[in-house]
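# Coordinates in review
This is what each chain is made of:
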Amino acid sequence: MLSTRRAGAEAAVAARIPLIVLGGFLGAGKTTLLNHLLSQADRRVAVMVNDFGPIDVDASLVASHDGETLSLTNGCICCSIGSGLDAALIRVLERKPAPELIVIEASGVSDPGRIAQVGLSDPMLQLEAVVVMADAGRIVAQLDDPLMGDTVARQIRAASLVVMNKADLLGPGEAESVEAELRARYGALPFLRSSFGRVPLERILAHGPGGHAPDGDAHHHEDPDHPFEGGVWSAPGMLNADRLIAALKGLPADVIRVKGRVVTDRHGSAVVQLAGGRVRIEKAPAAAEAPRNELVYIGLRGRGIGAAVSAALDALAAESRAG
Ligand SMILES: Nc1nc2c(ncn2[C@@H]2O[C@H](COP(=O)(O)OP(=O)(O)OP(=O)(O)O)[C@@H](O)[C@H]2O)c(=O)[nH]1
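Residues numbered from 1 in each chain as written. Predicted model: local features only at pLDDT ≥ 70, side-chain atom pairs only at ≥ 80, totals over all residues. Heavy atoms only, no water.

## Some points on the pairing of strand β10 (residues 268-275)
Taking burial as the measure, the 8 residues of β10 include 6 buried ones, the bulk of the element. Of the pairings in the sheet, the one linking strand β9 (residues 255-264) to β10 comprises 8 bridges and is antiparallel in character. In the strand pairing of β10, G260 is matched with V272. What sits between the antiparallel neighbours β9 and β10 is a turn of 3 residues. Alignment of β10 against strand β11 (residues 278-283), held across 6 bridges, turns out to be antiparallel. (Buried < 20%, exposed > 50% of the residue type's maximum accessible area, 1.4 Å probe, protein only. Helix = DSSP H or I, 4+ residues; strand = E, 2+ residues; numbered from the N terminus. Pairing = 2+ DSSP bridges.)

Right, dumping it as structure tokens:
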């Protein structure tokens, strides 16, 4: 009798849909890892992306795959994924055929532990892992930063697996010392190292949710004290690629992350990223809508980042229009 009941319970667990929550600070490489996972997936994957700005940049960068991509827009750039998550999950769980894996990419300033709570409480879901990406060369400085440190620490504490990404930018022995530092602060964290998020999906699934309970402590999106603010910059016309790169590199460090679509004289329609002080521009597939320049940015609050972005980019756009 007992074994029949246990078999029933095991069957119910087996029928649950595995869920991976993907978190980590701004620009650490979440979307890059997500696309790598999707390129390996031999199953139907529902992807939910919670970006920090009002434009769905990340959703548009998620590679096409078997399954749908939902964008969880979030009125606040802070940490809460909001009520949209419940509604989106219901929609995904009602899909026929059902997805075989759900991946939620949290925004870079949100707490993946709060999102994981949803996975833990829904009987249809099996939380497989809370994967937290770290920009390995910057994570210790980010944790030590008096303004962003709390957000980053909350993310690491929620992790069942930390992916030390951007290993290609590290010097010899640096990965080991960063991992030792994180272990000294947060205990026996499991780590995987990667460059460009190249982590086998099976290693994440095999790893399991681990012993780190999702933290999910109270930092509500109503919290007026969160240290981030963001905005959107847009302009028509074609930008000079070299001057765009110089303008983005010249932004103050308080502007932590910029991403979006641009049109440049060298690339045509392109995706541009500023993360960790580095600028990357990649040619984009022709956009369905009329090409224009549209960037979202996020950085520290009260430091005039909107004005800094405008000062750097408005002049560039005006110059491009003039000739
Ligand atoms: N050098 C290097 N660059 C990387 C690596 N992984 C990602 N990047 C680059 O870092 C930038 C940010 O990567 P994303 O995957 O968009 O980061 P994200 O965490 O999704 O960013 P947000 O969602 O905006 O917080 C992009 O320009 C990537 O190409 C890596 O391992 N090495």
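## What to know about the sheet that holds strand β12 (residues 293-300)
Spatially, 5 strands are ordered β8-β12-β9-β10-β11 in an open sheet, and the strand pairing comes out antiparallel. Only two strands of the sheet have a single neighbouring strand rather than two, namely β8 (228-235) and β11. If you compare each strand with its neighbour and ignore which way they point, the axes differ by 15° on average. Contacts between helix α10 (residues 241-249) and the sheet are confined to β9, β10 and β11, with β11 contributing the most and set at about 150° to the helix. (Axes fitted to C-alpha atoms, helices over the stretch in contact; angles between N-to-C directions. Contact = heavy atoms within 4.5 Å.)

## Comments concerning the packing of aromatic side chains
To describe a pair of aromatic rings, you give the distance between the ring centres and the angle between the ring planes. Following the criterion strictly, the structure yields 1 aromatic pair and no others. Ring geometry for F25 against F228: centres 6.0 Å apart, planes inclined by 50°, an arrangement best described as tilted. Taken together, the residues span a long stretch of sequence, with F25 in the loop between β1 (17-24) and α2 (30-40) and F228 in strand β8 at a distance of 203 residues. Residue classification places F25 among the buried residues on the basis of a relative accessible area of 3%. With a relative accessible area of 2%, F228 lands in the buried category. (Phe/Tyr/Trp six-rings, centres within 6.5 Å; stacked < 30°, edge-to-face > 60°.)

## Quick look at the domain arrangement of the protein chain
According to the domain assignment, the protein chain contains domain 1 (2-207) and domain 2 (228-322). Contacts between domain 1 and domain 2 engage 20 residues on the former and 22 residues on the latter. Linking domain 1 to domain 2 there are 0 salt bridges. Where domain 1 touches domain 2, the interface holds 1 residue pair in polar contact (both at pLDDT 80 or more). Broken down by element, the side of domain 1 that touches domain 2 gets its largest block of residues, 4 residues, from helix α3 (residues 57-61). (Domains from an automatic or database assignment. Salt bridge = Lys/Arg side-chain N within 4 Å of Asp/Glu carboxyl O. Polar contact = N/O pair within 3.5 Å; in protein donor to acceptor, adjacent residues only side chain to side chain.)

## A short note on the side chain of K166
Within the fold, K166 resides in the loop between β6 (161-165) and α8 (174-186). Owing to a relative accessible area of 16%, K166 belongs among the buried residues under this scheme. Aside from chain neighbours lying at most four places away, what touches K166 is G27, A28, D135, S194, S195 and A275.

## Some words on the pattern of salt bridges
Throughout the structure, instances matching the rule amount to 14 salt bridges. Note that E68 and R91 form a salt bridge whose closest N and O atoms lie 3.5 Å from each other. Pair noted here: E68 is in the loop between α3 and β3 (69-71) and R91 is in helix α4 (residues 84-94), with a separation of 23 residues, a long-range link. The closest approach of N and O atoms between E181 and R185, which form a salt bridge, is 2.8 Å. You can see E181 and its partner R185 sitting in helix α8, 4 residues apart, about one turn around the helix. For R185, a relative accessible area of 33% puts it in the partly exposed group. Salt bridges here are not isolated pairs; linked through shared partners, they connect D42, R43 and E202.

## Brief notes about the layout of surface pockets
A volume near 900 Å³ is recorded for the largest pocket. In terms of lining, the largest pocket is formed by 37 residues, of which the most central are T32, R257, Q273, R280 and E282. Those elements that provide at least two residues to the lining of the largest pocket are α2, α3, β9, β10 and β11. Per-element tally for the lining of the largest pocket: the top contributor is β11, with 5 residues. Counting contributing residues, the lining of the largest pocket receives three or more from each of domain 1 (2-207) and domain 2 (228-322). Quantified by volume, the second largest pocket comes out at close to 360 Å³. Counted by class, the lining of the second largest pocket contains 12 nonpolar, 4 polar and 6 charged residues. Split by domain, the residues of the lining of the second largest pocket number at least three in each of domain 1 (2-207) and domain 2 (228-322). (1 Å grid on protein atoms, 1.4 Å probe; cavity = no way out; pocket = protein on both sides within 12 Å on 5 of 7 lines; lining within 4 Å. Points joined across faces, edges and corners; volume = space filled by probe spheres on them. Nonpolar A, V, L, I, M, F, W, Y, C, P; charged D, E, K, R; others polar.)

## Side note on the nonpolar core
Counting 50 residues, the largest nonpolar core has M48 and I102 as the members making the most contacts within it. A domain-level breakdown of this core finds at least three residues from each of domain 1 (2-207) and domain 2 (228-322). Excluding residues within four positions of it along the chain, M48 makes contact with L70, L72, L85, A88, L89, V92, I102, V103, I104 and E105. (Core = buried A, V, L, I, M, F, W, Y, C linked by side-chain atoms within 4.5 Å.)

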